[in-house]
Structure formats: structure tokens, C-alpha cells
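Topology and contacts: notes
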Amino acid sequence: MAEKITGAEALMRALEHEGVDVLFGYPGGSIMPTYDALYDHKGTLNHILVRHEQGAVHAAQGYARVSGKVGCAIVTSGPGATNTITGVADAMMDSTPMVVICGQVGVAMLGTDAFQEVDVVGVTQPISKWSYQIRRPEDVAWAVSRAFYIAKSGRPGPVVLDFAKNAQTGMVEYEPAHVDFIRSYNPYPAIVKEDIEAAAKMINNSVKPFALLGQGVELAGAREEVCAFLEKAQIPFGTTFLGLSDMPSDHPLNKGILGMHGNLGPNVMTNQCDLLIAIGMRFDDRVTGNLATYAKQAKIIHFDIDASEFNKNVKIDLAIHGDCKTTIPAVAELVDKAKHDSWISGFDPYAEKEYNKVIDKAIHPAEGPLLMGEVVRKVSEAANNEAVMVTDVGQNQLFACRYFKFTKPRSVVTSGGLGTMGFGLPAAIGATFGAPDRAVCLFCGDGGLQMSIQELGTIMEQGAPVKIILLNNNFLGNVRQWQEMFFQRRYSFTPMTNPDYELIAKGYGINAKTVIERSELDAAIAEMLATPGPYLLQCAIKEEDNVLPMTPPGANIDEMLLEV
Amino acid sequence: MKRTFGGQCGECTSCGKCDRVLNRGNAAGEETIIDNPIMEQDNSTKLYTFLIYSENIAGLLSQISAVFTRRQVNIESLNVCASSTPGVHKYTVTSYCTLEMATMLKKQMEKKIDVLQANFFTDEEIFINETCLLKISTPIMLENHNVSRIVRMFNARIVEVNPTYATIEKTGITSDILALFNELNAIEGCVLQFVRSGRIAVTKSKIEKLDNYLAEREKQRINK
Ligand SMILES: Cc1ncc(C[n+]2csc(CCOP(=O)(O)OP(=O)(O)O)c2C)c(N)n1
């Protein structure tokens with residue numbers, strides 16, 4: 001007879017079996033048996049104690065995004081579990097593989113409003129890929145294996161395991177489980193040959209093709225395949241924010257960012273192309289603007305692993321269901337080598353116009369206070385355009401996405417779909433564990449930093465080498481911009497009185513510096529990057545600057561404002 | 001009507017409220033659009049019957065109903081029971097919505113990990129039944145001859161009679177059941193209680209989609 005162990009110990013072994021090496025978490029009553037078991041696994045499971053459970057989930061997200069592995073968070077029941085909700089919803093929106101393990105009261109107490117009892121499965125079901133309550137120690141191995149399989153396969157997403165206390169303390173003969181098939185869930189749809197042929201035909205017939213790349217390319221690890229396809233048929237492309245590191249920023253076919261705060265060229269040309277080829281992207285409203293005028297002239301092919309994305313927002317002509325790592329090469333084989341030089345050079349005037357009216361001013365200002373764009377570009381270049389870019393949410397995010405440059409895959413960690421302020425700092429911590437050999441640069445605002453500022457404690461304790469670039473404009477800048485543009489400058493609760501961030505960082509033993517003068521910026525960035533461990537670089541940013549260009553909400557995507 | 005416009009009304013970001021159908025790329029390479037705003041006549045929405053199969057795992061019902069709620073589609077009726085396949089549960093849900101919306105709902109339900117299949121049908125494609133129970137007052141029945149005339153006319157069955165009340169059962173389609181109820185209810189004091197079950201349905205097709213799916217998946221599992 002096999003040795004009997006507790007359910008909590010079984011969880012440890014199951015996590016090891018899944019290859020987990022880092023866990024982000026916070027203990028409490030209902031998860032104590034599990035933390036007790038963890039004490040004996042410190043050598044294999046590196047548990048990072050965060051300072052708030054929201055930090056644990058965002059850190060797990062940051063870890064997953066840069067490593068491609070499943071991020072893992074572990075928290076107690078009740079408030080511990082509810083503190084993870086934002087991160088679970090965020091991971092669902094942004095297709096991030098993550099397993100969150102929450103403690104739960106024992107099954108005998110379920111439904112009695114027991115101390116720190118919350119219906120976690122009920123709460124998380126609508127915002128997770130799968131949510132399951134482990135009620136018996138016998139279910140641990142199966143549930144954990146199933147959770148990791150679901151989190152990472154198909155379109156990745158968050159899974160929540162609600163781990164009842166009696167299942168943690170009860171005894172079980174542990175056998176590792178290997179779930180790699182679920183009959184009701186098929187993450188590997190078969191390729192339909194006719195569809196592949198139809199796609200190739202549409203591409204071969206197109207004279208003005210344009211591709212839209214989303215995070216799906218990165219999630220599939222399909223950079224090479226997609227690149228080969230686009231180069232063979234010479235198809236220019238734009239990317240979403242989450243797809244920014246799908247391809248090198250300087251690739252000649254890369255025409256920039258799609259959507260509301262993207263680049264002029266790709267947005268205008270979306271409404272001029274004759275064929276739109278969407279790969280692993282979901283036509284978010286921030287990308288499409290007014291749907292009634294979006295790419296109406298074009299035929300549309302949509303490649304996605306998630307069938308529910310087809311025809312959800314934009315009516316398409318052809319759906320290619322499957323993993324783009326296999327569907328794209330299948331199409332690529334059938335497409336003709338092509339040249340679309342004159343179509344491609346049609347992007348240039350727009351790029352030039354945007355450069356002259358917006359970009360040049362944003363990254364090469366001659367005078368006045370520091371601008372976010374110049375700081376971002378300088379940091380990017382000082383790190384050889386090879387760093388991981390993490391952002392919070394707001395103007396800092398939009399400027400970072402616009403002006404950071406990418407060469408390596410898995411270099412973007414930003415909250416795209418949910419737009420979660422407070423995401424940046426903990427996600428950056430996670431990224432340092434997921435990509436320990438890379439520089440991790442976080443851009444955040446004075447608002448967002450304070451939403452997770454307690455995680456400076458985690459950074460201190462772990463010595464996590466996060467380079468925090470605080471773009472301080474004394475405003476909730478993005479909201480202020482909308483107030484300026486759409487609410488007659490009525491700055492309702494967006495100015496902010498700020499604390500002394502340098503002093504705060506120093507309180508946590510984190511090196512910090514503030515830059516006010518442009519002439520000091522280069523040296524300060526160099527010092528930040530050269531200093532081992534964490535660093536906070538506070539930049540005093542122009543208070544009322546705007547992210548441009550911009551498609552006003554609900555406007556046509558090709559009607560971008562270049563100035564306010 | 002020919003336009004380079006389609007699919008979305010542009011008033012909202014989640015369509016399905018109107019049934020402008022874009023017909024892209026017909027033989028002549030033209031785009032046509034059939035324009036039927038919902039305000040004119042409610043012929044854009046139809047009663048669809050969804051037959052949904054899931055694994056027998058706790059919590060599926062709320063996940064399925066949440067898909068409808070989130071897309072602002074009302075559930076008219078709902079029935080859940082074990083299916084003819086061991087371990088598989090069958091949900092019969094009816095809703096008024098557009099074809100576009102029905103397609104979206106199907107895919108969003110199938111996205112749930114433990115949902116095996118979700119399909120939707122119009123009334124012509126399925127055999128439908130539902131049942132009702134009526135508890136009526138025996139004194140009124142004795143006093144008013146119309147009561148027993150109506151019961152006979154609708155082919156309803158009397159299950160139980162005692163001096164206080166009678167229980168009547170009627171199986172059929174929704175409109176018959178509602179007509180029976182309305183006629184009896186028009187007689188003052190007659191109906192004491194009324195209950196109507198959710199619709200249940202089986203498909204008319206000779207193809208068993210679920211069986212085919214399960215067989216296909218089983219093959220995939222073995223060949224994995
Ligand atoms: C949790 C959360 N609350 C509120 C918002 C709305 N919001 C979006 S951007 C923004 C302002 C952000 O200000 P700050 O962090 O200072 O960054 P800035 O825009 O100035 O760069 C706010 C309040 C949000 N996205 N997330």
C-alpha cells in the first residue's frame with residue numbers, strides 16, 4: 001500500500017509534478033495546513049511572500065507572461081480569495097495562464113457563513129477559465145493536473161482551485177495524475193483543409209493585404225512561422241499592445257500599433273486595405289473604434305484558437321480555427337511569393353506625418369519639462385531594446401507601449417483588456433522571477449504606483465531587480481486627458497498631492513533618484529540600469545501632457561486626432 | 001438594397017439588437033444588406049430552443065444561465081435532466097434572439113470547459129413538448145358547465161377530483177397550454193393553482209450530433 005500523506009502534502013507534490021518552481025502567496029487560517037506542508041518544500045517551491053493578495057496574482061501574471069509557464073498564486077479563504085479577483089479577471093481578459101489556489105473552510109462548514117467563508121467558485125466562475133472546489137484529499141492530484149492543463153492549453157487563462165480545509169488535512173494515498181485530455185474541451189482543433197486553401201486564395205488575390213497581430217502569436221510561440229508567412233507574401237502588419245513583441249519593432253513590415261492610441265498608418269490603412277488578416281487578436285473596441293465603419297471595404301480572415309471570437313465584434317469572411325503555429329505555416333505553403341511595394345510605401349506618408357506632428361515632439365523635446373515619451377525611449381535604448389517592458393495603466397502605459405522598442409519575444413507585460421491600475425509593480429516583480437536574466441523596466445504613474453505600493457516590501461525582501469520608472473505628473477493623467485478633451489477641462493478629482501517617493505523607496509532600502517532636468521536624464525538612466533537590484537527613478541513629468549494621436553471613443557478608427 | 005455597410009448598426013459595440021445581415025461577396029462580388037431594424041417589427045428575433053449537453057459537474061447550470069444573462073437574453077424556459085448518455089446532462093433552454101446572437105451564445109457556452117455541445121433549433125427542427133398542471137375548484141366546476149367542456153375540448157386529463165378541488169394535466173405545445181389556462185382562468189374563482197413545465201425537445205434530424213462528437217473525441221483520445 002502506498003504511503004498516506006495529507007491533502008496539503010499531496011498539493012505540494014502535485015505542484016512539483018507540474019514543474020512549478022515559484023509561488024506567489026500570502027498565508028491565513030484556511031490555508032495554514034498547506035503552508036505547513038510548504039515549509040518542507042522550500043528547496044523546490046520558491047514561495048514569494050507578497051504584501052497583498054492582489055500582488056500575488058499580478059506577480060503570477062507577470063511571471064507567466066515573460067516565461068510562458070503557468071503562474072501560480074496561493075492565498076487564504078474569504079478576503080484572501082476576494083483580493084485575487086481583479087487578477088483573475090485580468091488574466092482572463094489577457095489570456096494569461098495562471099492557477100490560483102485559495103483556502104476554503106471545511107466542507108462541514110460550507111454554506112453556514114463560517115468565518116472567512118466566501119463562495120469562491122460562484123464568484124470566480126464567470127471570470128475564470130475554470131473554477132473548482134477540492135472537497136476531498138483524493139481529488140487533489142486530479143484537480144491540480146486538470147487545472148494546469150486547462151490553464152496552459154488552447155487559449156490560456158486563469159484557473160481557480162478552492163481548497164477546502166478538510167481536503168488539506170485529510171489523508172490520501174498520493175499518485176500523480178496526468179490530465180492531458182478532456183472530452184468536453186478540445187484545445188487542438190483539427191485543421192480544415194478547405195479553409196486553409198480558401199485563405200491562401202484570398203491572400204493570393206489580394207493586392208492590398210494587411211495583417212493584424214495580437215498576443216495569440218506570442219502565446220503560440222509562432223514568431224518564426226508568422227514572420228516567414230508575412231515575408232513570403234510581403235504583407236505589412238500592425239500589432240495590438242499585447243502583441244507588441246510578436247515581431248521586432250524594426251521589422252520593415254511592422255507598421256506600428258493598432259487602435260485608439262496606436263499609429264496613424266496602420267489605423268488609416270485598416271480602412272483602405274482589401275484584405276485584413278487577423279492573427280490571434282480579438283477586435284477589441286479599443287482597436288476597432290466605430291464598428292460600423294471598420295474595414296468595411298475589406299474581406300477579413302480571422303485566425304484564432306478561440307472559436308467564440310469569430311464574428312463576435314467584427315463580421316468576418318473566413319474563420320481559421322486553430323493554433324496559428326500550425327495554421328499559418330499551412331497557409332504559408334499555399335501562398336504565392338508576392339510583392340506589394342507600392343501598397344506598403346503607402347504607409348510612409350502617414351508615418352512621416354505622425355513623426356513630424358507627434359513623435360518627434362514626444363521623444364526629442366527641446367525645452368520644457370520632461371515628457372513620458374522621451375524617458376521611455378531613452379530607457380529602451382539604454383537597455384539595447386532588449387528589456388522586458390512592464391507598465392501600469394494610464395498615460396504611462398500608452399507612452400511606454402508607443403515608444404519602447406522590442407527585439408526579443410515575451411517582452412510586454414501590460415494590463416490590456418482589464419486596464420488594471422496597480423498591476424505594474426507586482427507584475428514586474430513576477431517578471432524578474434520569470435526572466436531572471438533580463439532587465440525588467442516598469443513604467444508607472446503616481447496613481448498606479450500607490451495602488452500596489454506595499455509591494456515595495458516584497459521587492460525589498462527579495463531584492464527583486466525591478467527598475468521602477470515613476471512618471472510623476474501629479475495627476476491621474478489619463479483621466480485628466482479625457483477631462484481636458486471631452487469634459488471641458490473640469491478636473492474632477494484628478495490632481496493628486498504626492499508623497500516623497502524617494503523617501504519612501506529609501507525607507508524600503510531601495511536606491512532612488514529624482515530627475516527634473518533633461519540634462520540629467522541619460523546619466524540617471526545609466527545609473528539605474530547599472531545599479532544591481534531594484535531602483536526607483538522618479539521623473540518629474542510635464543503635468544498636462546496628452547497621449548496622441550488619439551481616436552476619440554466611438555469615432556472611426558482612421559479619424560485620429562494628431563493634436564488637441 | 002445595396003450598400004457597403006453591414007452587420008453592425010454602429011450604435012452599440014455588441015450587435016444582435018437588429019438583424020441587418022451583411023451578405024459579403026455574393027457571386028457578383030457585391031455586398032448586399034438586408035435592413036430590418038427591430039423597431040419596425042420584431043421579426044428579427046425568433047424563439048430558439050438550445051439543446052446543451054454537459055459533463056455532470058457541479059455548477060454548470062449557473063455557468064450556462066450566466067452566458068444568457070451577460071448577453072442580455074432572457075431565458076423563457078429551462079429544463080435540466082440526465083440525458084440518454086450516462087454521465088451527460090441535458091439542458092433545454094428557450095430564448096428569443098437573433099440568429100447571430102444564438103450563434104454567439106452557442107459558442108460562448110461551448111467555451112465552458114465542461115460543456116460538451118450546445119446547439120440551437122427553430123421549432124420546425126424539433127419535436128417539442130411541455131406539460132402543465134391546473135388545480136381548479138370543484139364547486140365552480142360543478143356550477144359552470146363550461147369548465148368540463150373546456151377540459152374536454154383541450155384533451156386535458158383529470159388526475160384527481162375531491163369535493164374541494166380537481167387536478168388537471170395537459171401535455172402539448174405552449175400555445176395550447178396557455179389557451180387552456182386562459183379559458184379556465186376567465187371563469188371567476190376556477191383556477192386555484194397553475195404550473196407549466198419548461199419545454200423539452202428532441203431533434204427531428206436523423207443525425208445524433210452528440211453521439212458523433214463523443215465518438216470522434218474517443219477516437220482522438222485513443223490516438224493521442
Ligand atoms: C483599478 C483602476 N481604477 C481606476 C482606473 C481608471 N483610470 C485609468 S487611467 C487612470 C489614471 C492613472 O493615473 P496615473 O497612475 O497617475 O498614471 P498616468 O495616467 O498619469 O500616467 C485611472 C484613474 C483604472 N484603470 N483602474
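Predicted model only: the values in this text are computed from it and were never measured.

About the cut-offs
Here, residues in each chain are numbered from 1, in the same order as that chain's written sequence. Chains and ligands are labelled by the order in which they are written, letters from A for the one and numbers from 1 for the other. The model is predicted, so local features are restricted to residues of pLDDT at least 70 and side-chain atom pairs to those at 80 or more, both for listing and for counting; the totals for chains, interfaces and linings are taken over all residues. The side-chain values count all of the structure's non-hydrogen atoms but skip hydrogen atoms and water molecules. Under the DSSP-based scheme used, a helix requires at least four consecutive residues in state H or I and a strand at least two consecutive residues in state E, with every element numbered from the N terminus. We call a residue buried when its accessible area falls under 20% of the maximum for its residue type, exposed when it is over 50%, and partly exposed in between, using a 1.4 Å probe and counting protein chains only. By the convention used here, residues are in contact when the closest approach between their heavy atoms is within 4.5 Å. Delimitation of the domains relies on an automatic or database domain assignment. As used here, buried area is the combined drop in accessible area, with a 1.4 Å probe, of two parts when they are placed together. By salt bridge we mean one thing: a side-chain nitrogen of Lys or Arg within 4 Å of a carboxyl oxygen of Asp or Glu. Polar here means any residue other than Ala, Val, Leu, Ile, Met, Phe, Trp, Tyr, Cys and Pro, which are nonpolar, and Asp, Glu, Lys and Arg, which are charged; Gly is therefore polar. When we say a residue is near a molecule or strand, we mean one of its heavy atoms is within 4 Å of it. What qualifies as a polar contact is a pair of N or O atoms within 3.5 Å, subject to a donor-acceptor requirement within protein and to the restriction that residues adjacent in sequence count only when both atoms come from side chains. What sets the accessible areas is the Shrake-Rupley method with a 1.4 Å probe; for residues, cover comes only from the shown protein chains. DSSP calls a pair of strands paired once it identifies at least 2 bridges connecting them.

**Quick word on unusual backbone geometry**
Residue and element names in this part refer to chain A.
- Pro549 follows Leu548 through a cis peptide bond whose omega is -5°.
- By the secondary structure assignment, Pro549 is in the segment after strand S20 (535-540).
- Even without a glycine there, the phi angle at Asp113 is positive, about 55°.
- Along the chain, Asp113 falls in the loop between strand S5 (98-104) and helix H6 (120-124).

**Focus on helix H11 (residues 223-232) of chain A**
All names here are of chain A.
- Those residues of H11 that fall on the buried side of the exposure criterion are Glu225, Val226, Cys227, Phe229 and Leu230.
- Against helix H9 (193-205), strand S9 (209-213), helix H10 (215-219), strand S10 (237-239), strand S12 (275-279) and helix H14 (324-334) lie the buried residues of H11.
- Positioned one or two residues after H11, Gln234 has a phi angle of 45°, which is positive.

**Section: the environment of A:Leu230**
Residue and element names in this part refer to chain A.
- Among the structural elements, Leu230 can be located in helix H11.
- A relative accessible area of 1% means that Leu230 is categorised as buried.
- With 125 residues separating them along the chain, Leu230 and Val105 place their C-alpha atoms 53 Å apart.
- Those residues in contact with Leu230, other than ones at most four positions away along the chain, are Ala211, Leu213, Ile235, Phe237 and Leu253.

**A look at the environment of B:Arg149**
All names here are of chain B.
- Tracing the chain through its elements places Arg149 in helix H4 (residues 145-153).
- Accessibility expressed as a relative area gives 38% for Arg149, which makes it partly exposed.
- Along the sequence, Arg149 and Thr45 sit 104 residues apart, while their C-alpha atoms lie 36 Å from each other.

**Some words on the domain arrangement of chain A**
Residues and elements named next belong to chain A.
- Assigned domains of chain A: these are domain 1 (4-173), domain 2 (193-348) and domain 3 (369-540).
- When domain 2 packs against domain 3, close to 1500 Å² is buried across both sides, 58% of that on carbon and sulfur atoms.
- Our count for the contact surface shared by domain 2 and domain 3 stands at one salt bridge.
- Across the pair Asp250 and Lys405 runs a salt bridge, and its minimum N-O distance is 3.2 Å.
- Considered class by class, the residues forming the side of domain 2 that touches domain 3 number seven nonpolar, five polar and five charged.

**Considering the site of the ligand**
All names here are of chain A.
- Taken together, 18 residues lie around the ligand, and Gln395, Gly419, Gly448, Gly477 and Asn478 are the ones closest in.
- Met421 has a polar backbone atom sitting 3.3 Å from a nitrogen atom of the ligand.
- Gly447 places a polar main-chain atom, nitrogen or oxygen, 2.9 Å from an oxygen atom of the ligand.
- Its free accessible area being 580 Å², the ligand has 76% of it covered by the protein chains.
- Elements with a minimum of two residues in the shell around the ligand: helix H18 (395-403), helix H20 (446-451) and helix H22 (477-486).
- Per-element accounting of the shell around the ligand gives the leading share, four residues, to H20.

**A few points about the pairing of strand S3 (residues 46-55) of chain B**
Residue and element names in this part refer to chain B.
- When you tally the buried positions in S3, you get nine out of 10 residues, the bulk of the element.
- Pairing between S3 and strand S5 (residues 88-97): 10 bridges, direction antiparallel. Paired with Phe50 across the two strands is Val93, which belongs to S5.
- Where S3 meets strand S6 (residues 115-121), six bridges bridge the pair, whose relative direction is antiparallel.

**A few points about the interface of chain B and chain A**
- Chain B puts 35 residues into the contact, and the matching count from chain A is 30 residues.
- Here chain B packs against chain A, burying approximately 2900 Å² in sum over the two surfaces, 49% of which is carbon and sulfur.
- For the pair chain B and chain A, the number of links is five salt bridges.
- Inspection of the region where chain B meets chain A yields 15 residue pairs in polar contact (both at pLDDT 80 or more).

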